[in-house]
Amino acid sequence: MTTTRIPVSTSSPYEVVIGTGVLGELAGLIGPQAQRVGIVVPTSLAVTGEEIRSDLEEQGYTAVVLEVPDGEDQKTPAVAEFAWSALGQSGFTRTDALVGVGGGATTDLAGFIAGTWLRGVRIIQVPTTLLAMVDAAVGGKAGINVEEGKNLVGVIHEPAGVLCDLSALETLPRHDLVAGLAEVVKCGFIADPEILDIIESDPHACTEWDSPQLRDIIERSIAVKAAVVADDLYERIGSDLGREVLNYGHTFGHAIEKVESFRWRHGAAVSVGMMYVAELARLAGRLDDEQVERHRTVLTSLGLPTTYASGRWEGLLSAMRLDKKTRGDMLRFVILDAVGRPSILEGPDPALLVAAYAEVSA
């Protein structure tokens, strides 16, 4: 299988490397200055972490595995404090490096630890899930959750490189692969309609880990994110949409995750979130019925959810008011005026918000 390299042309440029066997490039990304390497890995991938540690030891590095809980349970201040203590006890300096190996929660945590230890050390991301490959590991955003909401404490700390070994998808549970496709669909709606065309022509193939269709939409999604973050790395607050476009479906999706105490997969929540903002845009007179229905058919064809339980509105609204895109007391949603034409809906009428919720209520 050939290797694809997608440049992320920020002020500290790096590449996202996509293929099989790409872990062979890890040592080169760590660089000659590092003496110590910390491998942040969830419990479910402990064996993989040990294999990487052993390989790095053979190449002359002092490597230590920082094993953390699985899933969102690792994205807490307590786990971050554990990692900082481990780095301090191991004598990590500014020239040493971290490697994040795992899904989106792990790449978020590893990036946060790297960005906050000694005000920033080198990080290489090795995403092992579809979600992490197309979204979490690329772009430098890293954060942890607090009781009040998801990713409310964080940094932007760019990696030295991202290594996407597609063979990791072979053993990825199907529901996790399908959930990751929500971020792919998002990229199709906001920037690259060809992604939607590929899915509509053969949705089943897009859920097969080794299909050329899946690889194509993975690469296209990474290219969308690379272009957006190169233009607006820090999501500047202003009139331009910029990096905020990547939050399509996330305001309502993050609220679902919060209300569900993070028991929902991120991709599943974002899928419902996209359906919600499509309905919201329709009710606001910004998106036509046909494009709203296209959201529903594309998402359901992949096995993604488009509805959420009724009777949860107050909790969802409270969670959305703490969303990172909220400005003061004004809710702010990324919506579409058409496929490939994202825009902002700021301070919508509360009646519209409730009506859109009714449209996606199971």
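Residues numbered from 1 in each chain as written. Predicted model: local features only at pLDDT ≥ 70, side-chain atom pairs only at ≥ 80, totals over all residues. Heavy atoms only, no water.

### Here we look at the overall build of the chain
Counting its secondary structure elements, the chain contains 13 helices and eleven strands. A globule of 362 residues ought to have a C-alpha radius of gyration of about 21 Å, and the chain, at 20 Å, matches this closely. Based on the C-alpha atoms only, the size of the chain along its principal axes is roughly 60 × 45 × 35 Å. Residue burial in the chain is summarised as follows: out of 362 residues, 56% are buried. Taking all contacts inside the chain whose residues are at least 6 apart in sequence as the whole, residues at least 24 apart take part in 73%. As presented, the chain carries roughly 14200 Å² of accessible surface, and 50% of it is formed by carbon and sulfur atoms. (Helix = DSSP H or I, 4+ residues; strand = E, 2+ residues; numbered from the N terminus. Rg over C-alpha atoms; globule rule 2.2 N^0.38 Å. Buried < 20%, exposed > 50% of the residue type's maximum accessible area, 1.4 Å probe, protein only. Contact = heavy atoms within 4.5 Å. Areas by Shrake-Rupley, 256 points an atom, 1.4 Å probe, with all protein chains shown as cover.)

### A word on the sheet that holds strand β5 (residues 97–102)
Taken in spatial order, the seven strands of this open sheet run β1-β2-β9-β6-β5-β3-β4, and their pairing is mixed. Whereas interior strands pair on both sides, the edge strands pair on one side only; in this sheet they are β1 (4–8) and β4 (62–68). Neighbouring strand axes in the sheet, compared pairwise and without regard to direction, differ in orientation by 15 degrees on average. Pairing of strand β3 (residues 36–42) with β4, which is carried by seven bridges, proceeds in the parallel orientation. (Pairing = 2+ DSSP bridges. Axes fitted to C-alpha atoms, helices over the stretch in contact; angles between N-to-C directions.)

### Focus on empty space enclosed by the protein
All chains considered together, the criterion is met by two cavities of 30 Å³ or more. Roughly 90 Å³ of internal volume is contained in the largest cavity. Surrounding the largest cavity, eleven residues form its lining, Gly 149, Lys 150, His 254, Ala 319 and Asp 323 being those nearest its centre. Put simply, the parts of the chain that give the lining of the largest cavity at least two residues each are β8 (149–156) and α9 (250–259). Residues belonging to the lining of the largest cavity are distributed by class as follows: four nonpolar, two polar and five charged. Reported here for the second largest cavity is a volume of approximately 40 Å³. Taken together, Gly 111, Gln 125, Ala 136, Ala 137, Gly 140, Lys 141, Ala 142, His 157 and Pro 159 make up the lining of the second largest cavity. For the lining of the second largest cavity, the class distribution of residues is four nonpolar, four polar and one charged. (1 Å grid on protein atoms, 1.4 Å probe; cavity = no way out; pocket = protein on both sides within 12 Å on 5 of 7 lines; lining within 4 Å. Points joined across faces, edges and corners; volume = space filled by probe spheres on them. Nonpolar A, V, L, I, M, F, W, Y, C, P; charged D, E, K, R; others polar.)

### As for the packing of aromatic side chains
Remark: the centre distance and the inter-plane angle together describe each pair of aromatic rings, the angle taken between the planes. Going through the model one piece at a time under the given rule, you end up with six aromatic pairs. Note on Trp 84 and Phe 112: the rings are 6.2 Å apart at their centroids and 45 degrees apart in plane angle, and the pair reads as tilted. You can see Trp 84 sitting in helix α3 (residues 77–89) and its partner Phe 112 sitting in helix α4 (residues 104–116), a full 28 residues away along the chain. A ring pair is formed by Tyr 276 and Phe 333, whose centres lie 6.2 Å apart and whose planes are at 50 degrees; its orientation type is tilted. Of this pair, Tyr 276 sits in helix α10 (residues 266–283) while Phe 333 sits in strand β10 (residues 332–338), and the two are 57 residues apart along the sequence. Accessibility expressed as a relative area gives 0% for Tyr 276, which makes it buried. Its relative accessible area of 1% is what places Phe 333 among the buried residues. By the ring-pair criterion, three or more aromatic residues cluster together here, those being Phe 252, Tyr 276, Trp 313, Phe 333 and Tyr 357. (Phe/Tyr/Trp six-rings, centres within 6.5 Å; stacked < 30°, edge-to-face > 60°.)

### Brief notes about the side chain of His 157
Within the secondary structure, His 157 sits in the loop between β8 and β9 (161–165). A distance of 2.6 Å separates the side chain of His 157 from the backbone oxygen of Val 121, its partner in a polar contact. With residues near it in sequence (within four places) discarded, His 157 still touches Gly 111, Ala 114, Gly 115, Gly 120, Val 121, Ile 123 and Gly 140. (Polar contact = N/O pair within 3.5 Å; in protein donor to acceptor, adjacent residues only side chain to side chain.)

### As for a nonpolar patch on the surface
A cluster of nonpolar residues, Leu 152, Val 153 and Leu 322, forms a patch on the protein surface that exposes about 210 Å² of accessible area. Within the element layout of this structure, Leu 322 appears in the loop between α12 (313–321) and β10. (Patch = residues over 30% accessible without salt bridge, like charges linked within 9 Å, V, L, I, M, F, W, Y side chains within 5 Å. Salt bridge = Lys/Arg side-chain N within 4 Å of Asp/Glu carboxyl O.)

### Here's the deal with the pattern of salt bridges
Throughout the structure, instances matching the rule amount to 28 salt bridges. Arg 53 is paired through a salt bridge with Glu 50; the nearest N and O atoms lie 2.9 Å apart. Taken together, the positions of Arg 53 and Glu 50, both in helix α2 (residues 46–58) and three residues apart, correspond to about one turn of that helix. Arg 53 sits in the partly exposed class, given a relative accessible area of 24%. Take Glu 50: its relative accessible area is 39%, and that puts it in the partly exposed class. Between Arg 215 and Glu 219 there is a salt bridge, with the nearest N and O atoms lying 2.7 Å from each other. Here Arg 215 pairs with Glu 219, and both are found in helix α8 (residues 212–231), just four residues apart, close to one helical turn. For Glu 219, a relative accessible area of 18% translates into the label buried. Taken together, the shared-partner salt bridges connect Glu 72, Lys 75, Asp 108, Lys 150 and Glu 257 into one network.

### Things to note about the packing of helix α6 (residues 174–190) against α8
One way to put it is that α6 packs onto α8 with a least axis distance of 9 Å and a crossing angle of 55 degrees. Judged by the angle between their axes, α6 and α8 are oblique. Pair α6 / α8 crosses with left-handed handedness. Taking contact as the criterion, the partners of Leu 177, Leu 181, Val 184, Cys 187 and Ile 190 in α6 are, on α8, Leu 214, Ile 217, Ser 221 and Val 224. Each residue belonging to the contact of α6 with α8 can be placed in one class, and the counts come to eight nonpolar, one polar and no charged. (Parallel < 35°, antiparallel > 145°, perpendicular 65-115°, else oblique. Left-handed = near helix turned anticlockwise from the far one by under 90°.)

All we've got here are geometric facts, nothing functional implied.
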